[in-house]
Protein chains: 2
Amino acid sequence: MGNLSEQISETLKTAILEQRLIPGTKLGERELAEIFGVSRIVVRQALIRLGTDGLVTIERNRGAFVAKPSLQEALEIYDTLTLLEQGVAMQLSERLDAAGWDKLKAHVALQAEAIDRGDHQAADELGQGFHTMFIALAGNRLLQDIHAQVVQRTFLLRSLYTSRFDYCNLLNEHTKIINLLERGRVKQAMELIDAHHRHVVRGYVLDTSEYPTVNLKDALRPELSGDNESQYLAATGT
Amino acid sequence: MGNLSEQISETLKTAILEQRLIPGTKLGERELAEIFGVSRIVVRQALIRLGTDGLVTIERNRGAFVAKPSLQEALEIYDTLTLLEQGVAMQLSERLDAAGWDKLKAHVALQAEAIDRGDHQAADELGQGFHTMFIALAGNRLLQDIHAQVVQRTFLLRSLYTSRFDYCNLLNEHTKIINLLERGRVKQAMELIDAHHRHVVRGYVLDTSEYPTVNLKDALRPELSGDNESQYLAATGT
DNA sequence: AAATCTATATTGGTATCCAATCTTGCGCTG
DNA sequence: CAGCGCAAGATTGGATACCAATATAGATTT
């Protein structure tokens with residue numbers, strides 16, 4: 001049985017990324033401890049982990065809350081994402097072999113299929129996956145981890161701003177980027193990457209409506225039936 | 001009295017960055033708890049914080065150790081640093097105003113003075129500071145934080161590989177980068193940034209000698225006001 | 001000398017307690 | 001009736017003591 005506090009931080013992270021826990025939600029130690037059937041200290045350690053990841057903000061003597069990036073921070077997130085992917089684009093245009101390009105093309109093809117099937121969710125995930133794969137091809141683990149962290153924060157924005165994507169358009173841009181890079185037209189590709197992210201940002205419309213305070217136990221139910229069921233049952237028994 | 005575990009993680013971080021705690025050093029919970037005069041739990045929380053920062057590696061049931069990056073990881077660190085600074089270089093060449101360029105030039109001048117004085121340490125710190133200021137001028141807090149984290153890891157490398165810098169040369173390169181960017185010669189500047197970091201890496205010579213296991217209390221003595229642990233609280237918090 | 005077994009130390013975690021601080025709600029005052 | 005202040009309750013931050021699991025090291029055996 002591995003690191004309990006890490007397991008719990010992962011569980012919470014998944015819940016946040018899947019938007020079952022929305023920004024601003026209070027993450028009370030005692031409440032989470034009861035829900036997971038562990039001691040408060042393990043929960044606190046998990047929250048500290050999420051805090052350094054930027055998914056949770058911890059206020060002294062007030063507790064932990066799901067992070068709620070400002071519009072300024074949202075722009076910074078996409079600006080950083082652009083910078084990272086532009087940099088990788090430069091590297092790939094010089095170094096990537098045919099197999100690499102094929103891998104990217106195959107991924108785009110998969111997403112195209114999903115769109116044809118009308119599978120909205122799969123198309124979304126594959127769209128995200130494209131960027132991940134793109135970075136991974138650079139072969140720099142540290143860079144990959146950093147990129148993943150920044151991507152995680154974009155999920156916080158999805159709850160704050162209602163997204164209205166045009167998947168076909170985004171997919172088209174992915175294809176264009178590949179083609180431009182493969183032919184060595186780096187500058188155009190980088191501009192397209194920039195435009196691509198701006199496109200995503202424009203897809204976000206500020207949602208002014210107040211979010212209801214979600215019930216933690218309900219939000220975390222999917223996780224608990226999976227790997228923490230004994231603790232969960234014990235918690236409900238009280 | 002602020003977050004005790006954060007205070008301690010900062011203290012440890014400083015000690016690591018100043019190479020009083022060298023890579024591979026075991027950071028025993030009980031020992032640190034006694035040294036700082038706190039409970040084991042706060043120490044563990046501090047170690048978790050450093051773990052997510054990459055300055056400490058935690059092995060299950062074995063404990064925490066000052067991180068010891070492999071040569072591969074060392075290359076990745078500098079590769080990432082290059083990518084970040086190249087990206088910022090592109091942004092600055094388009095957006096930075098005269099005041100910004102002046103600020104950079106003034107900083108380089110300061111470093112030149114330090115070199116003239118023969119103040120090795122100040123020159124070193126100012127050299128690092130140049131890169132930090134460079135990133136800060138992009139005005140992206142997230143990017144700045146990410147850069148800072150990567151820079152921190154380079155300090156681990158300094159203990160592992162003996163450095164043999166040529167400060168004048170590095171300083172010269174800083175000046176050149178500024179001039180190139182100000183005149184809009186982005187591509188040349190980016191190549192110079194790449195070369196600059198490779199220059200630093202070449203300055204590192206693998207040091208095969210074994211490091212002695214340092215005594216934790218001795219390594220942390222500068223942070224503590226006296227022999228007794230209880231004085232840590234008096235010295236730091238009010 | 002090599003391998004195995006045992007003893008001890010360390011980590012991961014729980015339960016309980018306490019101080020400090022934040023929140024809430026009540027009552028008092030103008 | 002509105003606004004203020006203060007006390008009660010809740011929550012966090014931390015300490016202490018204790019236990020289980022695991023790793024290290026030392027002792028024993030072959």
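Residues numbered from 1 in each chain as written. Chains lettered and ligands numbered in written order. Predicted model: local features only at pLDDT ≥ 70, side-chain atom pairs only at ≥ 80, totals over all residues. Heavy atoms only, no water.

(A) Structural view of the protein's contact with DNA strand C. Close to DNA strand C lie 19 residues, the nearest being Leu 4, Ser 39, Val 42, Asn 61 and Arg 62 of chain A. In this structure, a phosphate oxygen belonging to DNA strand C sits 3.2 Å away from a main-chain N or O atom of Glu 29 of chain B. Among the secondary structure elements, those contributing two or more residues to the surface near DNA strand C are helix H1 (4-17) and helix H3 (40-53) of chain A together with helix H2 (29-36) and helix H3 (40-53) of chain B. Split by residue class, the surface near DNA strand C holds four nonpolar, eight polar and seven charged. (Near = heavy atom within 4 Å. Polar contact = N/O pair within 3.5 Å; in protein donor to acceptor, adjacent residues only side chain to side chain. Helix = DSSP H or I, 4+ residues; strand = E, 2+ residues; numbered from the N terminus. Nonpolar A, V, L, I, M, F, W, Y, C, P; charged D, E, K, R; others polar.)

(B) View of the sheet that holds strand S1 (residues 26-27) of chain A. Residues and elements named next belong to chain A. Spatially, the three strands line up as an open sheet ordered S1-S3-S2, and their pairing is antiparallel. Each edge of the open sheet is held by one strand with a lone partner, namely S1 and strand S2 (56-59). Both S1 and strand S3 (residues 63-66) contribute to a ladder of two bridges, which runs antiparallel. Counted as the bridge partner of Lys 26 is Phe 65 from S3. (Pairing = 2+ DSSP bridges.)

(C) Here's a closer look at the relation of the copies chain A and chain B. With an RMSD of 0.0 Å, chain A superimposes on chain B once it is rotated by 180° and translated 0.0 Å along the axis. Such a combination of turn and shift is consistent with a two-fold rotation axis. Taken together, the interface assignments show that 97% of the residues at the interface of chain A recur at the interface of chain B, consistent with an identical surface on both copies. (Least-squares fit on C-alpha atoms with pLDDT ≥ 70 in both. Contact = heavy atoms within 4.5 Å.)

(D) Local environment of the interface of chain A and chain B. Of the residues lining the interface, 30 residues belong to chain A; the matching set on chain B comes to 30 residues. Of the roughly 2700 Å² buried at the junction of chain A and chain B (both faces included), carbon and sulfur atoms supply 60%. By the criterion of area lost to chain B, the three top residues of chain A are Ile 48, Leu 83 and Leu 142 of chain A, representing 22% of everything that side buries. Taken together, chain A and chain B are joined by zero salt bridges. Where chain A touches chain B, the interface holds 13 residue pairs in polar contact (both at pLDDT 80 or more). Where the side of chain A that touches chain B is concerned, the elements lending two or more residues are H3, helix H4 (71-95) and helix H7 (141-160) of chain A. Broken down by element, the residue count for the side of chain A that touches chain B peaks at 11 residues, all from H4 of chain A. Across the side of chain A that touches chain B, the residue classes tally to 13 nonpolar, 10 polar and seven charged. (Buried area = accessible area lost by both parts, 1.4 Å probe. Salt bridge = Lys/Arg side-chain N within 4 Å of Asp/Glu carboxyl O.)

(E) Inspection of the packing of H4 of chain A against helix H7 (residues 141-160) of chain B at higher detail. Where H4 of chain A contacts H7 of chain B, the axes come no closer than 8 Å and their chain directions differ by 55°. Comparing their axes, H7 of chain B and H4 of chain A come out oblique. Together, Glu 76, Ile 77, Thr 80 and Leu 83 of chain A of H4 of chain A and Arg 141, Leu 142, Leu 143 and Ile 146 of chain B of H7 of chain B make up the contact between the two elements. In the contact of H4 of chain A with H7 of chain B, the residues fall into five nonpolar, one polar and two charged. (Axes fitted to C-alpha atoms, helices over the stretch in contact; angles between N-to-C directions. Parallel < 35°, antiparallel > 145°, perpendicular 65-115°, else oblique.)

(F) How the structure looks around the pattern of salt bridges. Residue and element names in this part refer to chain A. Overall, the coordinates contain 20 salt bridges over all chains when judged by the stated rule. Residue Lys 105 is joined to Glu 182 by a salt bridge in which the shortest nitrogen-to-oxygen separation is 3.0 Å. One end of the pair, Lys 105, is in helix H5 (residues 98-117); the other, Glu 182, is in helix H8 (residues 167-182), with 77 residues separating them in the sequence.

(G) Inspection of the nonpolar core at higher detail. Judged by nonpolar contacts, the single largest core of 76 residues is most densely connected at Val 88, Leu 104 and Phe 134 of chain A together with Val 88, Leu 104 and Phe 134 of chain B. Excluding residues within four positions of it along the chain, Leu 104 of chain B makes contact with Leu 96, Phe 130, Met 133, Phe 134, Leu 137 and Ile 178 of chain B. (Core = buried A, V, L, I, M, F, W, Y, C linked by side-chain atoms within 4.5 Å. Buried < 20%, exposed > 50% of the residue type's maximum accessible area, 1.4 Å probe, protein only.)

(H) Main features of H1 of chain A. Residue and element names in this part refer to chain A. Across its 14 residues, H1 extends 20 Å between first and last C-alpha, which sits within 8% of the 20 Å expected from 1.5 Å per residue. Of the residues making up H1, those classed as buried are Ser 5, Ile 8, Ser 9, Thr 11, Leu 12, Lys 13, Ala 15, Ile 16 and Leu 17. At the C-terminal side of H1, Gln 19 shows a positive phi close to 65°. (Expected span 1.5 Å × (residues − 1).)

(I) A look at the domain arrangement of chain A. Residue and element names in this part refer to chain A. According to the domain assignment, chain A contains domain 1 (4-68 + 212-237) and domain 2 (71-206). Across the contact, 12 residues belong to domain 1 and nine residues belong to domain 2. Taking both sides of the interface into account, the surface hidden between domain 1 and domain 2 amounts to around 960 Å²; carbon and sulfur atoms contribute 60%. Ranking the residues of domain 1 by area buried against domain 2 places Leu 17, Gln 19 and Asp 53 at the top, with a combined share of 45%. Applying the counting rule to domain 1 against domain 2 returns zero salt bridges. Counting across the interface, domain 1 meets domain 2 through two residue pairs in polar contact (both at pLDDT 80 or more). The element that contributes the greatest number of residues to the side of domain 1 that touches domain 2 is H1, accounting for three residues. In terms of residue class, the side of domain 1 that touches domain 2 is made up of seven nonpolar, two polar and three charged. (Domains from an automatic or database assignment.)

(J) Representation of the environment of Gln 144 of chain B within the structure. Residues and elements named next belong to chain B. Tracing the backbone through its elements, the reader meets Gln 144 in helix H7. The spacing of Gln 144 and Ile 77 is 67 residues in sequence and 15 Å in space, taken between C-alpha atoms. Beyond its immediate stretch of four places on either side in the chain, Gln 144 contacts Ile 135 and Ala 136.

(K) Summary view of the protein's contact with DNA strand D. Near DNA strand D there are 19 residues, and of these Arg 30 of chain A together with Leu 4, Ser 39, Asn 61 and Arg 62 of chain B occur at the shortest range. For DNA strand D, the fraction of protein-proximal atoms (within 4 Å) that sit in sugar or phosphate groups is 73%. Contacts to DNA strand D include Asn 3 of chain B, whose side-chain N or O atom sits 3.5 Å from a phosphate oxygen. Taken together, the elements giving at least two residues each to the surface near DNA strand D come down to helix H2 (29-36) and H3 of chain A together with helix H1 (4-17) and H3 of chain B.

(L) Just the sheet that holds strand S2 (residues 56-59) of chain B, in detail. The strand order across the open sheet formed by three strands is S1-S3-S2 (chain B), and the pairing between neighbours is antiparallel. Each edge of the sheet is formed by a strand with only one pairing partner; in this case those strands are strand S1 (26-27) and S2 of chain B.

(M) Local environment of the confidence of the model for chain A. On average, chain A scores 86 in pLDDT, and the residues at 70 or more come to 84%. Taken element by element, the predicted model of chain A shows its lowest mean pLDDT in helix H11 (residues 229-237) of chain A (38) and its highest in H3 of chain A (97). (pLDDT = per-residue confidence, 0-100.)

(N) Seen up close, the pairing of S2 of chain A. All names here are of chain A. As defined by bridge partners, S2 adjoins S3 across four bridges and the pair is classed as antiparallel. Within the sheet, the bridge partner assigned to Val 56 lies in S3 and is Val 66. The turn joining S2 and S3, which pair antiparallel and follow one another in sequence, is formed by three residues; a positive phi near 60° is taken by Asn 61.

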